[in-house]
Amino acid sequence: MSVAAPRRPGLFSGFNRFVEYAGGLATMFGEVCRNVVTLNFRPSEVIRQAYFLGVESWTIVVLTSLFTGLVISLEAASQAVSYGLSQFVGGSVAFGEVRELGPMLTGIVFAGRAGAAITASLGSMVVTEQVEALQSMGVSAVKVLVTPRLLASLITVPMLTVFADIVGVYGGYYMAWLRVHMSPYTYWHSVQTTIIFSDFYKGLEKAAVFGVLVALVAGYEGFRAEGGAEGVGRVTTHAVVTGIILIFVFNFALSFVLFP
Amino acid sequence: MIDEKSSPQFVPSPPPPDVAIRLQSVELRYGEKIVLSDCSLDCTRGHTTCIIGLSGAGKSTILRVANGLRRPTRGCVFTLGSEISKLPETEILEIRKRIGFAFQYNALFDSMTVAENVAFPLYELTDLEEDEVNERVKSALESVGLDGEGDRLPGELSGGMQKRAGFARAIVNEPEIIMFDEPTTGLDPIMTNIITETIKNIQHKLKVTCLVISHDLPSVFAIADEIALLFEGTIIEYGPVPKVRQSPNPIVQQFLQGSDVGPIPV
């Protein structure tokens, strides 16, 4: 009696799924780019989506960034003062916020709030045949549903990051003042001498990339929904998780490239 | 997948001009499951063809194959003179602009009002001025008996009214073919009659080709010029209504009589 060799089903199927997923994202991104270049989208829908995705995420982004600034300053201020390095507190808070935490946390919050909303909305449209209705009319679902959302994300995530940077740095100042009675001059002078405009600008570039990533993954996952409410829930979870992982990966890559 | 081009017995045969849709030896598989098998059908221009059959027989799939939403794994499909089963997606979109589709569950965009739903294809597919769009929306809503309901959201309408709103969206772009997927399913007898009359009126007024999927026999007999019976993924009977009604095929007779005795496994 012969015994069949043990199969390794996960090895190639996992690779195939990855390639299929990456290819799907790239194809969708290509179609969105084509729509943008040919101005094949409704500006009013972009504004509507920007309001929905951006304004609705604003409170969470501000709160997240405020407490991040507070906690960095809380940890840094006491240590820095005890070593006589209080002139570096403002700089360290601003450095972390503007270059890394501001864009990244905004992207993560955006993935959880807006990315989930995009996927759930598109997923519901798929399972109720609304996306098929678009296709049956001869209308591209990517054009109508993904392009405006991706453009809205491209605009709103950097804007949210500006708020996040400001609130985070101010939060850091408040905690430094509260904890070690740091003077405004010491804190803000440290911020000014540490951060240059290109840091801020490059942080916004990262935020723009995160916005595109979140919208792209959310749109792609939304179109993969099947089987009713359970299917919509599954792709929504997957979109948020994938979006957050991609934000971490791209944040590292962008930091490597932008801040050599 | 079998390549039909290399198959000696398969030769794609473009339909004559009076045929709006031709399915030729179509096979569609989802993995191992065969949904359609050697399925052939001609839908005459300006006629109403009804496809009847058991639940799960593949009726709705035929509509999706006919307008290019699904590609057959074998065989070919000609719609409005083009071999839609072989075209790239961008060219299929152009053909779909000439086809109206009324979905089983309406598929109305729930964030838009009825009028916005009906106007949607016009805004997306045409360069019409707003006044003309409004005029055509009003006319489409009147055609289905929904005048005055344009400002309501789909969720505020009854099932029958939602069906008719879906019909209005399907006809507003003046298509050459209208596909109706189970138009009377889930409706009470009165609303079923209203929907049946609405389809007849649409066909009469617009002189379009209608392809209707249904298993509601009284409705089918009222609207059909030709009937096709789909059984286990294959069209086993096709022809004018009297011919199908008098078919000697025991499967056809069992289905038409709604009997649980006969060759159809229950």
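Residues numbered from 1 in each chain as written. Chains lettered and ligands numbered in written order. Predicted model: local features only at pLDDT ≥ 70, side-chain atom pairs only at ≥ 80, totals over all residues. Heavy atoms only, no water.

1. Comments concerning the overall build of chain A
Then, in step 1: Assigned secondary structure in chain A consists of eight helices and zero strands.
Then, in step 2: Reading the secondary structure of chain A in the N-to-C direction produces α-α-α-α-α-α-α-α.
Then, in step 3: For chain A, the spread of C-alpha atoms along the principal axes amounts to about 70 × 65 × 35 Å.
Then, in step 4: Expressed as a percentage of the 260 residues in chain A, the buried residues total 50%.
Then, in step 5: Put simply, 85% of the contacts in chain A that link residues at least 6 apart link residues at least 24 apart.
Then, in step 6: Carbon and sulfur atoms form 70% of the exposed surface of chain A, whose accessible area is close to 12,900 Å².
Then, in step 7: Once the 15 positive and 15 negative side-chain charges of chain A are each reduced to a mean point, those two points are 4 Å apart. (Helix = DSSP H or I, 4+ residues; strand = E, 2+ residues; numbered from the N terminus. Buried < 20%, exposed > 50% of the residue type's maximum accessible area, 1.4 Å probe, protein only. Contact = heavy atoms within 4.5 Å. Areas by Shrake-Rupley, 256 points an atom, 1.4 Å probe, with all protein chains shown as cover. Lys, Arg positive; Asp, Glu negative; His and termini not counted. Charge placed at Lys NZ, Arg CZ, Asp CG, Glu CD.)

2. Section: the overall build of chain B
Then, in step 1: Scanning chain B for helices and strands turns up nine helices and 10 strands.
Then, in step 2: For chain B, the C-alpha radius of gyration of 19 Å lies close to 18 Å, the compact-globule estimate for 266 residues.
Then, in step 3: For chain B, the C-alpha atoms occupy an extent of roughly 55 × 45 × 35 Å along the three principal directions.
Then, in step 4: Counting all 266 residues of chain B, 55% fall into the buried class.
Then, in step 5: Of the roughly 11,900 Å² of accessible surface on chain B, a fraction of 51% belongs to carbon and sulfur atoms.
Then, in step 6: Taken together, the 25 basic and 37 acidic charged side chains of chain B have centroids lying 5 Å from each other. (Rg over C-alpha atoms; globule rule 2.2 N^0.38 Å.)

3. Brief notes about a nonpolar patch on the surface
Residue and element names in this part refer to chain A.
Then, in step 1: Taken together, the side chains of Val241, Ile245, Val249 and Phe250 present a nonpolar region at the surface, about 330 Å² in accessible area.
Then, in step 2: Of note, valine 241 is situated in helix α8 (residues 229–258).
Then, in step 3: Taking relative accessible area as the criterion, valine 241 reaches 42% and is therefore assigned partly exposed. (Patch = residues over 30% accessible without salt bridge, like charges linked within 9 Å, V, L, I, M, F, W, Y side chains within 5 Å. Salt bridge = Lys/Arg side-chain N within 4 Å of Asp/Glu carboxyl O.)

4. Let's talk about the pairing of strand β6 (residues 99–102) of chain B
All names here are of chain B.
Then, in step 1: A two-sided burial pattern is seen for β6, the buried positions comprising Ile99 and Phe101 on one face and Gly100 and Ala102 on the other.
Then, in step 2: Here four bridges tie β6 to strand β7 (residues 177–181), and the two strands are oriented parallel to one another. Each residue of the ladder has a partner; that of phenylalanine 101, found in β7, is methionine 179. (Pairing = 2+ DSSP bridges.)

5. Focus: the confidence of the model for chain B
Residues and elements named next belong to chain B.
Then, in step 1: Taken residue by residue, chain B gives an average pLDDT of 89. The fraction at 70 or more is 97%.
Then, in step 2: Contacts for the low-pLDDT stretch residues 1–6, under 50 throughout, to residues beyond four places or in other chains number nine contacts.
Then, in step 3: Of the two predicted TM-score estimates for the complex, the pTM is 0.84 and the ipTM is 0.82. (pLDDT = per-residue confidence, 0-100.)

6. Examining the interface of chain B and chain A
Then, in step 1: Chain B puts 22 residues into the contact, and the matching count from chain A is 16 residues.
Then, in step 2: When the area that chain B buries against chain A is broken down by residue, the three leading residues are Phe109, Phe120 and Glu124 of chain B, summing to 30%.
Then, in step 3: Between the two partners, chain B and chain A, sit five salt bridges.
Then, in step 4: Close ionic contact of lysine 143 of chain A with glutamate 124 of chain B constitutes a salt bridge, the shortest N to O distance being 2.6 Å.
Then, in step 5: The interface formed by chain B and chain A includes seven residue pairs in polar contact (both at pLDDT 80 or more).
Then, in step 6: Broken down by element, the residue count for the side of chain B that touches chain A peaks at five residues, all from helix α3 (residues 114–125) of chain B. (Buried area = accessible area lost by both parts, 1.4 Å probe. Polar contact = N/O pair within 3.5 Å; in protein donor to acceptor, adjacent residues only side chain to side chain.)

7. What about unusual backbone geometry?
Working note: non-glycine residues mostly have negative phi, and peptide bonds are mostly trans.
Then, in step 1: You will see that leucine 39 of chain A, though not glycine, has its phi angle at about 55°, which is positive.
Then, in step 2: Classification of leucine 39 of chain A as exposed rests on a relative accessible area of 64%.
Then, in step 3: Located in the positive-phi region is leucine 80 of chain B, a residue other than glycine, with phi close to 50°.
Then, in step 4: Considering the arrangement of structural elements, one finds leucine 80 of chain B in the loop between β4 (74–79) and β5 (82–83).
Then, in step 5: A residue is classified by how much of its surface remains accessible, and leucine 80 of chain B, at 7% relative accessible area, is buried.

8. Remarks on the sheet that holds β5 of chain B
Residues and elements named next belong to chain B.
Then, in step 1: Spatial strand order, β2-β1-β4-β5: four strands in an open sheet with antiparallel pairing. Edge positions in the sheet fall to β2 (33–44) and β5, since each has one partner strand and no second.
Then, in step 2: Looking at chain direction, strand β1 (residues 19–30) and β2 are connected through eight bridges and run antiparallel. Bridge assignment links isoleucine 21 to a residue of β2, and that residue is cysteine 43.
Then, in step 3: Seen against the sheet, helix α1 (residues 59–66) touches β1, β2 and β4 and runs at an angle of roughly 115° to β1. (Axes fitted to C-alpha atoms, helices over the stretch in contact; angles between N-to-C directions.)

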